[in-house]
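Coordinates in review
The lines below spell out each chain.
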Amino acid sequence: DPDRKTEVVLLACGSFNPITNMHLRLFELAKDHLHETGKYKVIKGIISPVGDAYKKKGLISANHRVTMAKLATKNSDWVEVDDWESCQSEWLETLKVLRYHHQKLLSADVTNSVQDAVPITKLGRKRKQESNRHEPIKKKNQSPVVKSVPQVKLLCGSDMLESFGIPNLWKLEDITEIVEKHGLVCISRAGNNAQKFIYESDLLWRHKNNIHLVEEWITNDISSTKIRRALRRGQSIRYLVPDAVRAYIERQRLYGPESEDRNAGLVLAPLQKHAADPGAHGLHN
């Protein structure tokens, strides 16, 4: 029954500095995997570039990163870019971004069901008055299947999963809420350590049904770091990023030796924020 499938929105958070073909492949791999389980219907993908306040070394301005992501997804019929996170003046925990998108779907869902309900009520009014007043009210489960609100799952590479173990990078209660209430779709290289990493954490193991590990058999080792390195050296990045992104980088002369020194010597926002917080420890402590 297709109506019984859980609708999923895939959310990818990260620097996208710049966005590459690999980032776009993650969405395709995740969607295929979730559809193959027969339980899910992926209705949307969202790319949410991190804001400038993240303070990562070499992070160029958010408006460039958002523009490139939009150019990269121009031809996609299901992946879009959301700039809410990147517009915030301070760095936001990934959980807050997940909550924001979940909330947005909730409010959209409420409006839809109210609109849908109006004609039905009008049709039913006359009949109700004519029929026996004491007719039992239809039980909920007899009515047509009402689709639940889509789940927002965090889409990530295995590097993000393993970053859960880095002290002070994540709050334990955030990791808990992410895997408990939302879920992870983690793309890992064939023969990767992602499974071992989950096995070694009691918390992740307890919620392993909510962590979808997707094997990437056609490996794609393109990283933004390597792209920036090639650009600094005047080497071609064609076929590694979408053409529109490559043209934009050239036009704007985006990545040079100077841009890589941005935020040099600064402490990453989460580390700064969590260092003082005793609750913020890695998973394996």
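Please read all numbers here as calculations on a predicted model, not as lab measurements.

Take the side chain of Ser-259 next. Summarising the element assignment, Ser-259 is placed in helix α11 (residues 257–260). Judged by its relative accessible area of 9%, Ser-259 falls in the buried class. Beyond its immediate stretch of four places on either side in the chain, Ser-259 contacts Gly-58, Ile-60 and Leu-254.

In this structure the tally under the stated criterion is 16 salt bridges. With a closest N to O distance of 3.5 Å, Glu-93 and Lys-171 form a salt bridge. With Glu-93 in the loop between α3 (84–87) and α4 (94–130) and Lys-171 in the loop between α5 (158–163) and α6 (172–182), this pair connects stretches of sequence that are 78 residues apart. Note that Lys-226 is salt-bridged to Asp-221, the shortest N-O span being 3.1 Å. If you follow the salt bridges from partner to partner, you end up with Glu-93, Lys-96, Lys-171 and Lys-273 in one network.

Between Asn-17 and the following residue, Pro-18, the backbone shows a cis peptide bond with an omega angle of 0°. Looking at where Pro-18 falls in the secondary structure, it is placed in the loop between β1 (6–14) and α1 (21–36). Here Phe-16, not a glycine, exhibits a phi torsion of approximately 50°, which is positive. Mapped onto the elements, Phe-16 comes out in the loop between β1 and α1.

Moving on, we get to the nonpolar core. What tends to happen in soluble globular proteins is that the nonpolar side chains get buried as a cluster. Ranked by internal contacts, the top residues of the largest apolar core, which has 38 residues, are Leu-10, Ile-19, Phe-27, Ile-47, Met-68, Leu-155 and Ile-249. When contributions to this core are tallied by element, the ones reaching two or more residues are β1, α1, β2 (40–49), α2 (62–72), β3 (79–81), β5 (184–189), α9 (224–232) and α10 (243–252). Apart from residues lying up to four places away in sequence, Phe-27 is in contact with Leu-10, Ala-12, Gly-45, Ile-46, Ile-47, Trp-78, Val-79 and Leu-155. Val-97, Ala-194, Leu-204 and Leu-268 belong to the second-largest nonpolar core, a separate cluster that totals 36 residues.

Basis of the calculations
- All residue numbers refer to positions counted from 1 along the written sequence of the respective chain.
- The predicted nature of this model means local features are confined to residues of pLDDT at least 70 and side-chain atom pairs, given and counted, to a pLDDT of 80 or more, with totals for whole chains, interfaces and linings taken over all residues.
- Heavy atoms throughout the structure, all of them, feed into the side-chain values; hydrogens and water do not.
- Only DSSP runs of H or I with at least four residues qualify as helices, and only runs of E with at least two residues qualify as strands; both kinds are numbered from the N terminus onward.
- Only protein chains enter the accessibility calculation, which uses a 1.4 Å probe; a residue whose area is less than 20% of its type maximum is buried, one above 50% is exposed, and one in between is partly exposed.
- Two residues qualify as a contact provided that any one of their heavy atoms is within 4.5 Å of a heavy atom in the partner residue.
- A side-chain nitrogen of Lys or Arg and a carboxyl oxygen of Asp or Glu constitute a salt bridge if their distance falls within 4 Å.
- Each nonpolar core is a collection of buried residues, namely Ala, Val, Leu, Ile, Met, Phe, Trp, Tyr and Cys, held together in the definition by side-chain atoms within 4.5 Å.

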